[in-house]
Amino acid sequence: STMGTEDMQMFCDLLENINVAEKSLLMCKASIGFPGNDAKLTGSIDIWWVFDLFPANGLLLLLAYLLQRHQVWQSTKVRLFVVTSPETDPGELRELLVKMISAGGMKINVKVLRLDFKDAPRFSVNIQERTGSGQKLPPVSFQEMDILGKSQSFNEDSDHDEIFTFPSVSIDDPTLNPVSSEIIETIPIDSEGSKLTALFERFSEASSLVITSLPKKKPEQLPSDWFRSVENLTSSLRRVIFVMESGVEKIQFYSE
């Protein structure tokens with residue numbers, strides 16, 4: 001990063017204030033720049049869920065959905081990479097995700113990657129905030145996921161974020177051919193002991209855009225170390241939109 005030490009500290013303080021205010025944050029990073037309004041990109045928009053099913057209650061999916069309605073991104077395809085624990089049944093998880101997302105009107109290829117939590121140390125704070133423990137993730141509850149995939153209603157008088165809804169469309173499309181699931185055992189680790197850096201490079205290096213959750217700074221981590229860590233994680237990617245969720249996003253998936 002070209003930011004000075006003081007600027008890095010101010011930015012990290014800003015992230016903390018945004019978190020306290022229960023607001024969502026999008027942070028864009030690019031090695032080749034984001035396209036202008038006259039560009040027409042092809043390739044893929046890759047969404048990465050790292051040990052979190054429906055992070056930000058679907059906001060990452062919403063971003064891809066909205067981008068594809070613009071001429072710059074309308075010729076791209078969306079791929080969803082779900083990083084989950086080795087105990088998860090990848091076939092069952094993929095089947096449920098395809099069913100749920102298709103009910104939301106999106107055409108997506110889904111790939112499930114099973115990985116040990118220790119192989120994604122940058123996301124330790126994210127996991128701790130979800131589970132209250134940094135040691136082990138709870139097993140995926142397919143019953144709970146099935147409930148999430150059904151119609152939901154929210155209080156329209158809520159003071160929190162706007163509710164977005166996706167209309168249902170057919171998913172009888174060749175772009176939804178099954179993508180094999182696997183356990184990643186031979187992927188190399190980076191200087192922080194993470195396999196995600198190599199996974200990002202392997203699957204998304206040539207992608208037009210990657211959308212993923214923002215790894216949160218550890219309490220003892222210096223701002224400069226956190227910036228360097230995030231930079232190294234995505235150094236092979238062309239463009240990235242990091243999402244820091246508020247926990248109160250309301251995005252409704254429904255079927256007609």
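Above this text sits the structure in question.
Because the structure is predicted, anything quoted here is derived from the model rather than measured.

The rules behind each value
- Residues numbered from 1 in each chain as written.
- Predicted model: local features only at pLDDT ≥ 70, side-chain atom pairs only at ≥ 80, totals over all residues.
- Heavy atoms only, no water.
- Helix = DSSP H or I, 4+ residues; strand = E, 2+ residues; numbered from the N terminus.
- Buried < 20%, exposed > 50% of the residue type's maximum accessible area, 1.4 Å probe, protein only.
- Contact = heavy atoms within 4.5 Å.
- Areas by Shrake-Rupley, 256 points an atom, 1.4 Å probe, with all protein chains shown as cover.
- Salt bridge = Lys/Arg side-chain N within 4 Å of Asp/Glu carboxyl O.
- Expected span 1.5 Å × (residues − 1).
- Pairing = 2+ DSSP bridges.
- Right-handed = clockwise from strand over helix to strand, strands pointing away.

Draft legend 1. Representation of the overall build of the protein in the model. Secondary structure assignment for the protein yields seven helices and nine strands. Looking at the protein residue by residue over its 256 residues, the buried ones come to 48%. Put simply, 84% of the contacts in the protein that link residues at least 6 apart link residues at least 24 apart. As displayed, the protein offers around 13000 Å² of accessible surface, 48% of which is attributable to carbon and sulfur atoms.

Draft legend 2. Representation of the environment of Val230. Note that Val230 resides in helix H7 (residues 223–233). As for Val230 and Lys217, which are separated by 13 residues in sequence, their C-alpha atoms are 9.5 Å apart.

Draft legend 3. Molecular detail of the pattern of salt bridges. Evaluated as defined, the whole model comprises seven salt bridges. Residues Glu231 and Lys29 are paired through a salt bridge, measuring 3.8 Å at the closest nitrogen-oxygen approach. One end of the pair, Glu231, is in helix H7; the other, Lys29, is in strand S1 (residues 25–30), with 202 residues separating them in the sequence. You can call Glu231 partly exposed: its relative accessible area is 36%. The buried category is assigned to Lys29, whose relative accessible area is 16%. We note a salt bridge from Asp116 to Lys118, for which the minimum N-O separation is 4.0 Å. Because the salt bridges share partners, they merge into one network encompassing Asp116, Lys118 and Asp119.

Draft legend 4. Expanded view of helix H3 (residues 90–103). Taking 1.5 Å of rise per residue, the 14 residues of H3 would be expected to cover 20 Å, and the 20 Å separating its terminal C-alpha atoms lies within 8% of that figure. By the criterion of burial, H3 is predominantly enclosed, with 10 of the 14 residues buried. Buried within H3 we find Pro90, Leu93, Arg94, Leu96, Leu97, Val98, Met100, Ile101, Ser102 and Ala103. Of the residues flanking the end of H3, it is Gly105, one or two places downstream, whose phi is positive at about 85 degrees.

Draft legend 5. Representation of the pairing of strand S4 (residues 108–114) within the structure. Within S4, seven of the seven residues are buried, which leaves it mostly tucked inside the rest of the structure. Side chains Ile108, Val110, Val112 and Arg114 of S4 all project onto a buried face; the interleaved residues Asn109, Lys111 and Leu113 project onto the opposite face, where all are buried too. The pairing of strand S3 (residues 77–84) with S4 spans seven bridges and is parallel. Bridge pairing in S4 links Arg79 to Asn109. Of the crossover connections in this fold, the one passing from S3 over H3 to the parallel S4 is right-handed.

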